[in-house]
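Residue-level structure breakdown
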Amino acid sequence: MVIKYKDGREFELVFDEDDHIYKVDGKRIHSVTKVLDACFPKYLTTWAVTEGADFFKASLEPYRLAPTEEVGTFMLPSKVVDHIHKGIITAYKMVSTEAAQVGTMVHNWLNEAIQWKMGKGEEPALPINEEAKNCIRAFKKWASGLEMEWLATEQKIYHHSDTPHHCYCGTIDALVRIGEREYLIDFKTSKKIYKPNHLQVAAYSHALAVQDDKKAPHGIVLRLDKETGEFQEKAFSVEPHIDMFFKCLDLKAWNTERIKHEAR
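Below is a summary of the structure that appears in this document. Treat the numbers as computed from the prediction; the structure is a model and nothing was measured.

Of note, Thr171 is situated in strand 6 (residues 168-178). A relative accessible area of 13% places Thr171 in the buried class. Looking at Thr171, its side chain comes within polar contact range of the side chain of Tyr22, at 2.7 Å.

Counting 28 residues, the largest nonpolar core has Val32, Ile157, Tyr168, Leu184, Val238 and Phe245 as the members making the most contacts within it. Broken down by secondary-structure element, the contributors of at least two residues to this core are helix 1 (32-39), strand 5 (148-159), strand 6, helix 5 (196-212) and helix 6 (239-256). With 8 residues, helix 5 is the single largest residue contributor to this core. Leaving out residues up to four positions away in the same chain, Phe245 has contacts with Val32, Val35, Leu36, Tyr168, Leu199 and Ala203.

The 5 strands lie next to each other as 5-6-7-8-9, forming an open sheet whose pairing is mixed. Where the open sheet ends on each side, the last strands, each with one partner, are strand 5 and strand 9 (231-236). Adjacent strand axes in the sheet meet at a mean angle of 30°, parallel and antiparallel pairs treated alike. With 5 bridges joining them, strand 6 and strand 7 (residues 181-188) adopt antiparallel strand pairing. Bridge pairing in strand 7 links Val176 to Tyr183. The strands touched by helix 4 (residues 130-143) are strand 5, strand 6, strand 7, strand 8 (218-224) and strand 9; relative to strand 8, the strand with the most contacts, the crossing angle is about 135°. Helix 5 rests against strand 5, strand 6, strand 7, strand 8 and strand 9 of the sheet, and its axis sits at about 85° to strand 5.

Here we take up helix 5. Within an α-helix, residues lying three or four positions from one another point in the same direction, as the helix has 3.6 residues per turn. The terminal C-alpha atoms of helix 5, which comprises 17 residues, lie 25 Å apart, in line with the 24 Å expected from a rise of 1.5 Å per residue. Burial analysis of helix 5 places 15 of its 17 residues in the buried class, which makes it a mostly covered element. At the C-terminal side of helix 5, Asp213 shows a positive phi close to 55°.

Together, Asp16, Glu17, Asp18, Asp19 and Glu154 make up a negatively charged patch on the protein surface. Within the element layout of this structure, Glu17 appears in the loop between strand 2 (10-16) and strand 3 (21-24). Residue class for Glu17 comes out exposed when judged on its relative accessible area of 66%.

On to a nonpolar patch on the surface, then. There is a patch of nonpolar side chains on the surface, built from Leu251, Trp254 and Ile259 and spanning about 340 Å² of accessible area. A residue is classified by how much of its surface remains accessible, and Ile259, at 57% relative accessible area, is exposed.

Axis separation between helix 5 and helix 6 bottoms out at 9 Å; the angle between their running directions is 100°. With respect to helix 6, the axis of helix 5 lies roughly perpendicular. Each of Leu199, Ala202, Ala203 and His206 in helix 5 lies in contact with helix 6, whose residues at this interface are His241, Ile242, Met244, Phe245, Phe246 and Cys248. Of the residues contributing to the contact of helix 5 with helix 6, the split by class is 8 nonpolar, 2 polar and no charged.

What follows deals with the environment of His30. You can see His30 is positioned in the loop between strand 4 (27-29) and helix 1. For His30, a relative accessible area of 36% puts it in the partly exposed group. In sequence terms His30 and His165 are 135 residues apart; their C-alpha atoms lie 8.1 Å from each other. Aside from chain neighbours lying at most four places away, what touches His30 is Val35, Cys167, Tyr168, Cys169 and Lys252.

Our next topic: the pairing of strand 3. Pairing of strand 2 with strand 3, which is carried by 4 bridges, proceeds in the antiparallel orientation. Residue pairing for strand 3: Asp16 is matched across the bridge by Ile21. Here strand 2 folds back onto strand 3, and the loop between the two strands holds 4 residues, one of which, His20, carries a positive phi near 55°. Counting the residues between successive antiparallel strands, the hairpin from strand 3 to strand 4 contains 2 residues, one of them, Asp25, with a positive phi of roughly 50°.

Let's shift gears to unusual backbone geometry. Positive phi outside glycine occurs at His20, with the angle close to 55°. Residue position: His20 is located in the loop between strand 2 and strand 3. Note on His20: relative accessible area 33%, which makes it partly exposed. A positive phi angle, close to 50°, is found at Glu154, a residue other than glycine. Tracing the backbone shows Glu154 in strand 5.

Rules used throughout
Residues numbered from 1 in each chain as written. Predicted model: local features only at pLDDT ≥ 70, side-chain atom pairs only at ≥ 80, totals over all residues. Heavy atoms only, no water. Helix = DSSP H or I, 4+ residues; strand = E, 2+ residues; numbered from the N terminus. Buried < 20%, exposed > 50% of the residue type's maximum accessible area, 1.4 Å probe, protein only. Polar contact = N/O pair within 3.5 Å; in protein donor to acceptor, adjacent residues only side chain to side chain. Core = buried A, V, L, I, M, F, W, Y, C linked by side-chain atoms within 4.5 Å. Contact = heavy atoms within 4.5 Å. Pairing = 2+ DSSP bridges. Axes fitted to C-alpha atoms, helices over the stretch in contact; angles between N-to-C directions. Expected span 1.5 Å × (residues − 1). Patch = residues over 30% accessible without salt bridge, like charges linked within 9 Å, V, L, I, M, F, W, Y side chains within 5 Å. Areas by Shrake-Rupley, 256 points an atom, 1.4 Å probe, with all protein chains shown as cover. Salt bridge = Lys/Arg side-chain N within 4 Å of Asp/Glu carboxyl O. Lys, Arg positive; Asp, Glu negative; His and termini not counted. Charge placed at Lys NZ, Arg CZ, Asp CG, Glu CD. Parallel < 35°, antiparallel > 145°, perpendicular 65-115°, else oblique. Nonpolar A, V, L, I, M, F, W, Y, C, P; charged D, E, K, R; others polar.

So, in structure tokens, the structure goes:
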């Protein structure tokens, strides 16, 4: 696809969906999400450790010798110990894969539903998965009663800069006008809203503003709960967060550079 700037510049963007790789004019460009994952690994690490610990606890229960006591004795065959060891290491991958599948189902439905509201295509059928259904119920609760005009969905963005490591790409979940204000929305199906989510939305909004030579849309992080069917909305001005995202780009660039050693 061609990204067209209002000033006449054009860039050929190619997105490899399987590997989630963006290329512009044949050159690989950082995605916003990978930049933020590199700069904010803590919450991912904490989540992975928690999943491993939960797997460990659940795996021990069948081998408790005194199941009625709060503190019991366990007898584990060596094969079970090996199984638990491997399970702890890989628990986060299994959970991540399942969560990604639900997230993909929800995002696909939202994309089709928004396109339908924009007069493109047909109303999508609900997915079979119950967690995905809960997310969609949450979205419908959020949208109920709001006077809105959907402007775009699943739109690719590219921020071009003469500073090479300040170039970045991404995909906007949705752009909507609510009342007199434009909002760039990022849908989340995670267990909570994380602070870096605000930088993600700010980066997309800034790129769109530069591309179209207009004021950056405000941001909304909309979390759709897979278990309760409730939503959590955080609307905010993106302006205070744009500079911090560029600092993330600088940090990622610094982290990839080799530090020269000097002789003592």
